[in-house]
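These are the residues of each chain, in order.
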Amino acid sequence: QVQLVESGGGLVQAGGSLRLSCAASGRTFSSYAMGWFRQAPGKEREFVAAIRGSGGRTYYSDSVKGRFTISRDNAKNTVYLQMNSLKPEDTAVYYCAASKVSLITTLPSRYDYWGQGTQVTVSS
């Protein structure tokens, strides 16, 4: 069982930055691929970024590529999402998720554990 707790959300102006963190419980964190997803009101949950268990490979959605960076610190059982050049359309609840399969996947159904989410609001 893995428990995930996100933090770092908030209100920011367009063009600003935020850094989300997701702290995981458990002793096998490095064996999980980790992903970030987001869900805006009235929309489906969408993939944002993912990173392999080893941390070597990352993958991003086209909408955030070049602006967001996912990273992880396996010694701290934590995954991060650095968000720069934020836009109003980035406004959503952001969730981190853990997949028992260490390879990257963009499908929510492939993730086994989810955090409670953290709100990110970008004002214009």
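Residues numbered from 1 in each chain as written. Predicted model: local features only at pLDDT ≥ 70, side-chain atom pairs only at ≥ 80, totals over all residues. Heavy atoms only, no water.

K.L.:
Looking at this model, I keep getting lost on the nonpolar core. Mind explaining?
P.N.:
Soluble, globular proteins show a tendency: their nonpolar side chains are buried together. The biggest cluster of nonpolar side chains holds 30 residues, and the ones touching the most others in it are Leu4, Met34, Trp36, Leu81, Met83 and Tyr94. Breaking this core down by element, the ones donating at least two residues are strand 3 (18–24), strand 4 (33–39), strand 5 (46–51), strand 7 (68–73), strand 8 (78–83), strand 9 (92–99) and strand 11 (118–123). Phe47, Ala50, Ala97 and Tyr111 belong to the second largest nonpolar core, which has five residues in total. (Core = buried A, V, L, I, M, F, W, Y, C linked by side-chain atoms within 4.5 Å. Buried < 20%, exposed > 50% of the residue type's maximum accessible area, 1.4 Å probe, protein only. Helix = DSSP H or I, 4+ residues; strand = E, 2+ residues; numbered from the N terminus.)

K.L.:
I would appreciate a short explanation of the sheet that holds strand 1 (residues 4–7) in the present structure.
P.N.:
Working definition: the strands of a sheet are paired by backbone hydrogen bonds and lie parallel or antiparallel to each other. If you walk across this open sheet you meet the four strands as 1-3-8-7, and the pairing is antiparallel. Every interior strand has two partners, whereas the edge strands, strand 1 and strand 7, have only one. Pairs of neighbouring strands in the sheet enclose a mean axial angle of 15°, with direction left out of account. (Pairing = 2+ DSSP bridges. Axes fitted to C-alpha atoms, helices over the stretch in contact; angles between N-to-C directions.)

K.L.:
Help me out: how do you make sense of the packing of aromatic side chains in this one?
P.N.:
Taken as a whole and judged by the stated rule, the model has six aromatic pairs. Ring geometry for Phe37 versus Phe47: centroids 5.7 Å apart, planes at 75°, classification edge-to-face. Here the residue Phe37 occupies a position in strand 4, and Phe47 occupies one in strand 5, the gap between them amounting to ten residues. Judged by relative accessible area, which is 0%, Phe37 ranks as buried. Judged by relative accessible area, Phe47 falls into the buried class, the value being 12%. An angle of 55° between the planes, with centres 5.0 Å apart, marks the rings of Phe37 and Trp114 as tilted. Of the two residues, Phe37 sits in strand 4 while Trp114 sits in strand 10 (residues 113–114), which places them 77 residues apart along the sequence. A network of ring pairs unites the aromatic residues Phe37, Phe47, Tyr59, Tyr111 and Trp114 as a single cluster. Lying across the ring of Tyr95, Arg45 places its NZ or CZ 3.9 Å from the centre. One cation-aromatic arrangement involves Arg45 over Trp114; the distance from NZ or CZ to the ring centre is 4.7 Å. (Phe/Tyr/Trp six-rings, centres within 6.5 Å; stacked < 30°, edge-to-face > 60°. Lys NZ or Arg CZ within 6 Å of the ring centre and 35° of its normal.)

K.L.:
Sorry if this is basic, but what is going on with the pattern of salt bridges here?
P.N.:
Any two side chains of opposite charge can pair, on the condition that their charged atoms come close. Scanning the entire structure with this criterion turns up four salt bridges. For Asp90, the salt bridge goes to Arg67, with nearest N and O atoms at 2.8 Å. Of this pair, Asp90 sits in the loop between strand 8 and strand 9 while Arg67 sits in the loop between strand 6 (58–60) and strand 7, and the two are 23 residues apart along the sequence. Each member of the pair Asp90 and Arg67 is classed as buried. Residues participating in the shared-partner salt-bridge network are Arg38, Glu46, Arg67 and Asp90. (Salt bridge = Lys/Arg side-chain N within 4 Å of Asp/Glu carboxyl O.)

K.L.:
Help me understand the pairing of strand 7, please; the structure alone is not making it clear to me.
P.N.:
Regular strands have side chains that alternate between both faces of the sheet. Of the two faces of strand 7, only one is covered, namely that formed by Phe68, Ile70 and Arg72; the face formed by Thr69, Ser71 and Asp73 stays uncovered. Hairpin connection between strand 7 and strand 8: a loop of four residues separates the two successive antiparallel strands, and Asn77 in this loop has a positive phi of roughly 55°.

K.L.:
Help me understand the environment of Arg45, please; the structure alone is not making it clear to me.
P.N.:
In this fold, Arg45 is placed in the loop between strand 4 and strand 5. Sequence separation of Arg45 and Lys87 is 42 residues, and the distance between their C-alpha atoms is 18 Å. Those residues in contact with Arg45, other than ones at most four positions away along the chain, are Phe37, Arg38, Gln39, Tyr95 and Trp114. Here Gln39 takes part through its side chain, which lies 3.4 Å from a polar atom of the side chain of Arg45. (Contact = heavy atoms within 4.5 Å. Polar contact = N/O pair within 3.5 Å; in protein donor to acceptor, adjacent residues only side chain to side chain.)

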